[in-house]
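# Structure at a glance
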Amino acid sequence: MATAPPPPHPARPAGTATTAQNLRGIAWMVAAMAAFAIEDALVKRVARELPIAQVLMLFGAGGAAIFGVVGWRHRTPLFQAAVLSRAMQVRAVFELTGRLFYVLAIALTPLSSATAILQATPVLVVLGGWIWFHEVVGWRRWCAVIVGLGGVLIVLRPASDDFSWLSLLTVIGLIGFAGRDLASRAVPRQLATHHLGFYGFLTVMVAGGLYALVERRPFAMPGGSVQPLLAAACMVGVLAYAALMKAMRTGDIATVTPFRYTRLLFGVGLGVVLFDEVVSACMALGGAVILAAGWLIAWDGMRRQPRARGDTEALPERPAQ
């Protein structure tokens, strides 16, 4: 499943985190990416036993229940007027698209290739920020956008004989997640992590219900071997979400964010070990190109940060989100 961004909050001035804070943020980010990769593997395994629509609905219900308990413990109402804001509505549409098509991708295509393509999300976020938020995009980031999209084409190999149209499921999911990330920038500040988590997992339930109309497979009672896997997927997904929130709020964004790309290593590794997938030369090359594009975006963000703590002169562009 895909990673969700943190809600907007007062940001720490760029470059002010200590080395210890950045190291903790990096550790949280790596842990989050490992957990998301494990979640993907668990969902793929469960989807072999149950209809995909049922997997989505059960997974969404489990995650929403956990975040609902978190909200109850925080004594904050899950429903607020801000939930009906336009930003949340747009976010829900993109979340539904991303969740549905990415789950279809990891269920029907190799986990390693789906994970590789998904790493192009930050590239599309940069492009969307330029289109919808009129953000300044320098030539380095334009190069990264072009290189990153080229890496996706290398993984897909649309002109080859063994091209599978199912690979486009990941591309649609990628567009959904990028749109969700962009919409999240406008989410009202009073909505906390557990609010976004609760409604995000509810969206997964809705996606499952809609896909059930298309899949038309009868639901089955989860067997004894599937129940613990599904419960583990819910728990790991919630922990991954929480670790991501912690990472994004601990160190400098430009320092911590590049470690999102460790998800590719975990995803490909799990695909090879658990599902006997073979990493082709084109997939390895395309993944490397996508990683290079992401690191170029991150490097450009770090380059634009104040060079030292206490620097008061701001550089022209904001760090990459």
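Owing to the predicted nature of the structure, the values given are computational and were not obtained by experimental measurement.

A separate point is the overall build of the protein chain. The number of helices and strands found in the protein chain is twelve helices and zero strands. When the elements of the protein chain are put in sequence order from the N terminus, they spell out α-α-α-α-α-α-α-α-α-α-α-α. Every one of the 321 residues in the protein chain was classed for burial, and the buried ones make up 52%. Expressed as a percentage of contacts within the protein chain between residues at least 6 apart in sequence, the contacts between residues at least 24 apart total 89%. Total accessible area computed for the protein chain in this model is approximately 14800 Å², and 68% of it derives from carbon and sulfur atoms.

A separate point is the UniProt feature "transmembrane region" (unreviewed entry) in the protein chain. Per the UniProt record, "transmembrane region" (unreviewed entry) is annotated on residues 55-72, 101-133, 139-156, 163-183, 195-214, 226-244 and 264-297. In this annotation, residues 163-183 is assigned 76% helix and 0% strand; the end-to-end C-alpha distance for the span is 32 Å.

In this section: the confidence of the model for the protein chain. As a note on interpretation, predicted positions should not be read in detail where pLDDT is low. Averaged over all residues, the pLDDT of the protein chain equals 81, while 85% of them reach at least 70. With pLDDT under 50 throughout, residues 2-12 is counted as low confidence; its partners more than four residues away or in other chains account for 47 contacts. Across residues 307-321 the pLDDT falls below 50, and counting only partners more than four positions away or on other chains, this stretch makes 28 contacts in the model.

Here the focus is the packing of helix α4 (residues 111-118) against helix α11 (residues 262-275). Two elements in contact, α4 and α11, have axes whose closest approach is 8 Å; the angle formed by their N-to-C orientations is 170°. Regarding the angle of α4 to α11, the classification is roughly antiparallel. Listed contacts from α11 to Leu 111, Ser 112, Thr 115, Ala 116 and Leu 118 of α4 are Arg 263, Leu 264, Gly 267, Val 268, Leu 270, Gly 271 and Phe 275. For the contact of α4 with α11, the per-class residue count stands at seven nonpolar, four polar and one charged.

Turning next to unusual backbone geometry. Backbone geometry places Arg 75, a non-glycine residue, at a positive phi of 55°. With respect to the helices, strands and loops of the structure, Arg 75 is situated in the loop between α2 (52-73) and α3 (86-108). Non-glycine residue Arg 216 carries a positive phi angle of around 55°. Note on placement: Arg 216 falls in the loop between α8 (193-215) and α9 (226-248). Note on Arg 216: relative accessible area 70%, which makes it exposed.

The subject of this paragraph is the pattern of salt bridges. Here the structure, examined in full by the defined rule, presents seven salt bridges. Put simply, Arg 45 and Glu 49 hold a salt bridge, and the shortest N to O gap is 3.1 Å. Put simply, Glu 95 and Arg 91 hold a salt bridge, and the shortest N to O gap is 3.3 Å. Of this pair, Glu 95 and Arg 91 both sit in helix α3, four residues apart, which is roughly one turn of the helix. For Glu 95, a relative accessible area of 1% corresponds to the buried category. Of the residues examined, Arg 91 reaches a relative accessible area of 3% and is grouped as buried. Look at the salt bridges and you will find they share partners, linking Arg 91, Glu 95, Arg 99, Arg 180 and Asp 181 into a network.

Calculation notes
Residues numbered from 1 in each chain as written. Predicted model: local features only at pLDDT ≥ 70, side-chain atom pairs only at ≥ 80, totals over all residues. Heavy atoms only, no water. Helix = DSSP H or I, 4+ residues; strand = E, 2+ residues; numbered from the N terminus. Buried < 20%, exposed > 50% of the residue type's maximum accessible area, 1.4 Å probe, protein only. Contact = heavy atoms within 4.5 Å. Areas by Shrake-Rupley, 256 points an atom, 1.4 Å probe, with all protein chains shown as cover. UniProt positions renumbered as here; feature names shortened; annotations may be inferred. pLDDT = per-residue confidence, 0-100. Axes fitted to C-alpha atoms, helices over the stretch in contact; angles between N-to-C directions. Parallel < 35°, antiparallel > 145°, perpendicular 65-115°, else oblique. Nonpolar A, V, L, I, M, F, W, Y, C, P; charged D, E, K, R; others polar. Salt bridge = Lys/Arg side-chain N within 4 Å of Asp/Glu carboxyl O.

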